[in-house]
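Each chain, letter by letter, is given below.
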Amino acid sequence: MTLLNRLLALLLLLIGGGLVWLGGALILAGGSLYYLPVGLALIAVAWLLWQQSARALGLFGAIWGGTLVWALWESGVDGWALAGRLGLLSAIGLWLLTPRVRRSLGAPGATLLTRGLLLAAIAGLVGGTAFIFWNDRIAGGADLTVLAGAPADARAGEWLHYGNVPGGNRYSPLGQITPANVGALQQAWTFSLGKEPNGAPAAFEATPLKIGDRLYFCTGYNDIIALDAETGAQIWRFAAQADTTGMFGQVCRGVSYYRQDIAAPGTPCAERIYTATIDSRLLAVDAVTGKACADFGENGTVDLLRGMSAAPKGYYHVTSPPAVIAGKLVVGGWVTDGQMTGEPSGVIRAYDAISGKLAWAWDMGRPDHSGEPGPGETYTSGTPNSWSVMSADPALGLVYVPMGNATPDYYGGQRTPEMDKYSSAVVALDAATGKPRWHFQTTHHDLWDYDVGSQPVLFDLADGRPALLQPTKRGELFLLDRRTGEPIAQVTERKVPVSNAVGENSSPTQPFSVGMPDFRGPRPSEARMWGVALLDQAWCRLRFRQARFDGTMTPVEADRPTVTWPGSLGGHNWGSVALDPVNRIAIVNSSHVLTYSQLIPRQRADKMGLKPVAVPSFENVAGPVAQAGTPYAVSVAPFLSPLVAPCTQPPYGLISAVDLNTRKLLWQKPFGTMRDSGPLLLSSGLPVPMGVPNIGGAVVTASGLAFIGATQEHMIRAYDIRTGQELWKGRLPAGGNATPLSYWSAKSGRQFVVIAAGGHGGILSGYSDKLIAYALPQPTNR
């Protein structure tokens, strides 16, 4: 035991030395007084252990007891807070309580106190482990005695738009799968996309459409695939031949569908599937045959780079499906973050669904021009873009566009009044003309990359008032009248911190949706900095103290780092929310990871060699970026510890339900477990419900279920939307970072739930090329 005791002494010496160094720096930064003296005490315990002295036991017990008192004083009875402060010390303490260790140090092998402590620890460990795995069970019923039959309206069993309806509510009126039988849900089929053209992994985030007896969806490199909705067998595949060399992202979230009502039966391309590609083309194919529609553009292709300013390859492309309204396809585009001023235009364009001819263009820098630029001209460069999914209201003749930020993201001194007006706003465009009817800005003069990534969700209030629910990265839910853009739930302008950057003109106030629940998460503080061991916790505390944080909307500055709350992941991202329009319940998933950023003066940025990149990649849109044409580059990163874990206390992801009748939370709980995550990017394998980062959305059914993947954990789940009880889960080969759909198959008389399990590099949720379908077992009498 002498060797083991001395090895433990060396470990405690290292921990204690680190705590002395970090604790001293933390005190100088105005932080906690705890870590320095505890570090000195642990060094003393290490010395006593090396000397094989029993006094090490008493001193370590005093450290543990003092830490318990300090932890309760600082954070109260909070399980995650106590685990971060006491976990490592408790593990070491249990080892020191064992009779063999105690005898090796000259102490009695066991006393009444040590026996009691060991028994309590063992009981707590066994009980806690049992609870974790019991809580991980499938709680939903498996009663298959009575199953709902086919919907009276066949359209109720289809999924015609990305969010099922033009307004994007992600609601299925089907009710065969219920809380009483969801526990019997099983995998019905899987489909593999196959190898990418360039051999590299490509994100698979698509939500298929279900039309007739077929599913239609796109790969990350824009191949369009039609499957049999019952079996998952491929019917046809259209090779888009997208140029993926050097492309960042390879994302296609879905396809769009249009049918010519006046076309004679059997007419080629009477029903069409569209995709907008990562190499900036708009494609149309025959929904029946999978062949290109020759009358659309040039042999089925429209060039989306027409009229755009010159830019490196990949700086502009499209990741979301076109919005379909009034015989038009409305398209935005993704523009790479942070490289320079004057990046490609954020122009919104509408094309005729049959001919592919430009119907109109909304270029905010040329408000009086709705056509293509003339010879030698381009659409206005550097304007805010719309990369996410749009919504439409055919009755009002409006398309609702969630807008991003003017490039670059973290400095705005060069922005024009038009850019500032529409940046990070939801804009209602007239579908006939492309002219703005109204706009509502969710962030003024955005300096935080708070572009509106969530699809606006349309629904009607109980009094019939047409409403729009707009989730944001800020964690704010804005409830607006979709006819006028006027707030329905109260919005208040509040004072926020201002920027001290040279030439900057930040907004002194920002809109807060005080009439709705917010999803920013708890306000960060030094006490909420967290770690699995004391060292990483002290490191995170020190980094927090060294940064500027004056609350939400603290601008990034050059003098010191800035903590941004929420981070640029959100809040809410492109998964938006799912909404039951009958009961007016919204299912809301949110992430809670901070961002740690700092402006870099141009002279220093030049010495670092920061220039606009020739080929965008994840590293050069999420790390130090040039912001050429402004006085500053910027360094942007998640606020992580040296163990590559968030510096803040869990949960890092939540799932919630909001009653839109009362505008109150119905329930809220941690979303996902740490099964597929852990320190140093290792998977723990433990289903501890800590709540994890998430990207993706939910589908809500008429039976009161919400199906959602989205998490860093490789799982799809079903929740009771009224209680929040998790009723079922299915294991996925990677994160289900997409929005599922639900549809009816007449062939077997079953309701299906389908999700793309492609993973997502941004939240480290793995990679897969699988589309997976679930259904109840087929009735035995069929």
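Scroll up to find the structure this text is about.
Residues numbered from 1 in each chain as written. Predicted model: local features only at pLDDT ≥ 70, side-chain atom pairs only at ≥ 80, totals over all residues. Heavy atoms only, no water.

Draft legend 1. Examining the nonpolar core more closely. One finds Val182, Trp189, Phe217, Ile273, Phe707 and Leu771 to be the most contacted residues of the largest nonpolar core, which totals 56 residues. Looking at this core, the element that brings in the most residues is strand 38 (residues 750-757), giving six residues. Excluding its chain neighbours within four sequence positions, the residues that come into contact with tryptophan 189 are Leu215, Leu227, Ala229, Glu230, Thr231, Gly232, Tyr743, Phe752, Val754, Leu771, Ile772 and Ala773. In this structure, Tyr35, Leu42, Ile63 and Ala107 belong to the second largest nonpolar core, which totals 33 residues. (Core = buried A, V, L, I, M, F, W, Y, C linked by side-chain atoms within 4.5 Å. Buried < 20%, exposed > 50% of the residue type's maximum accessible area, 1.4 Å probe, protein only. Helix = DSSP H or I, 4+ residues; strand = E, 2+ residues; numbered from the N terminus. Contact = heavy atoms within 4.5 Å.)

Draft legend 2. Quick peek at unusual backbone geometry. With an omega of 15 degrees, the peptide bond between glycine 570 and glycine 571 qualifies as cis. Looking at the secondary structure, you find glycine 571 in the loop between strand 26 (562-564) and strand 27 (577-580). Proline 651 follows proline 650 through a cis peptide bond whose omega is 5 degrees. With a phi close to 45 degrees, histidine 445 is a non-glycine residue in the positive phi region. Considering the arrangement of structural elements, one finds histidine 445 in the loop between strand 20 (436-441) and strand 21 (457-460). What makes histidine 445 buried here is its relative accessible area of 6%.

Draft legend 3. Structural detail: the sheet that holds strand 37 (residues 741-745). Strand order in this open sheet of four strands is 2-39-38-37, and the pairing throughout is antiparallel. The sheet terminates laterally at strand 2 (186-192) and strand 37, the two strands that pair on one side only. Here the average twist between neighbouring strands, direction ignored, is 30 degrees. One ladder, built from five bridges, connects strand 37 with strand 38; its direction is antiparallel. In the sheet register, tryptophan 744 faces strand 38, and the bridge partner there is glutamine 751. (Pairing = 2+ DSSP bridges. Axes fitted to C-alpha atoms, helices over the stretch in contact; angles between N-to-C directions.)

Draft legend 4. Inspection of the sheet that holds strand 3 (residues 209-211) at higher detail. Within the open sheet, the four strands sit side by side as 3-4-5-6. Their pairing is antiparallel. Of all strands in the sheet, those bounded by a partner on one side alone are strand 3 and strand 6 (234-238). Averaged over all neighbouring strand pairs, the angle between strand axes comes to 20 degrees, with direction disregarded. One ladder, built from three bridges, connects strand 3 with strand 4 (residues 214-218); its direction is antiparallel. Bridging from a neighbouring strand, isoleucine 211 pairs with arginine 214 of strand 4.

Draft legend 5. A look at a nonpolar patch on the surface. On the surface, a nonpolar cluster with roughly 820 Å² of combined accessible area is contributed by Leu3, Leu4, Leu7, Leu10, Leu13, Trp47, Trp50 and Trp95. Contributing elements (two or more residues each) for the nonpolar patch: helix 1 (2-28) and helix 2 (35-50). Tallying contributions element by element places helix 1 first for the nonpolar patch, with five residues. In this structure, tryptophan 50 sits in helix 2. Judged by relative accessible area, tryptophan 50 falls into the partly exposed class, the value being 34%. (Patch = residues over 30% accessible without salt bridge, like charges linked within 9 Å, V, L, I, M, F, W, Y side chains within 5 Å. Areas by Shrake-Rupley, 256 points an atom, 1.4 Å probe, with all protein chains shown as cover. Salt bridge = Lys/Arg side-chain N within 4 Å of Asp/Glu carboxyl O.)

Draft legend 6. Representation of the packing of helix 1 against helix 8 (residues 534-546) within the structure. Running from N to C, helix 1 and helix 8 point in directions that differ by 15 degrees, and their axes come no closer than 9 Å. Judged by the inter-axis angle, helix 1 sits roughly parallel to helix 8. Of the two possible hands of crossing, helix 1 and helix 8 adopt the one that is left-handed. In this structure, helix 1 uses Ile15, Gly18, Leu19, Leu22, Ala25 and Leu26 to contact helix 8, whose residues at the interface are Leu534, Leu535, Ala538, Trp539, Arg541, Leu542 and Arg545. (Parallel < 35°, antiparallel > 145°, perpendicular 65-115°, else oblique. Left-handed = near helix turned anticlockwise from the far one by under 90°.)

Draft legend 7. Structural context of the state of the cysteines. Enumeration according to the criterion identifies three disulfides in this entry. A sulfur-sulfur separation of 2.1 Å characterises the disulfide bridge that pairs cysteine 218 with cysteine 252. Across the S-S bond linking cysteine 218 and cysteine 252, the dihedral sits near -95 degrees, which makes this disulfide left-handed. Highlighted residues: cysteine 218 in strand 4 and cysteine 252 in the loop between strand 6 and strand 7 (256-259), separated in sequence by 34 residues. Comparing cysteine 218 with cysteine 252 shows no difference in burial state: the two are buried. In the chain, the bonded cysteines, numbered by position in the sequence, are linked as 1-2, 3-4, 5-6. (Disulfide = S-S within 2.5 Å.)

Draft legend 8. Inspection of the pairing of strand 39 (residues 770-775) at higher detail. Taking burial as the measure, the six residues of strand 39 include five buried ones, the bulk of the element. Relative to strand 39, strand 2 runs antiparallel, the two being bridged by six bridges. Bridge pairing in strand 39 links serine 192 to lysine 770. Inspection of the sheet shows strand 38 paired to strand 39 by six bridges, in the antiparallel sense. Its bridge partner being in strand 39, valine 754 is matched across the sheet by alanine 773.

Draft legend 9. Spotlight on the side chain of histidine 317. Along the polypeptide, histidine 317 turns up in strand 11 (residues 316-317). For histidine 317, a relative accessible area of 2% corresponds to the buried category.

Function cannot be read off these values alone, since they describe shape.
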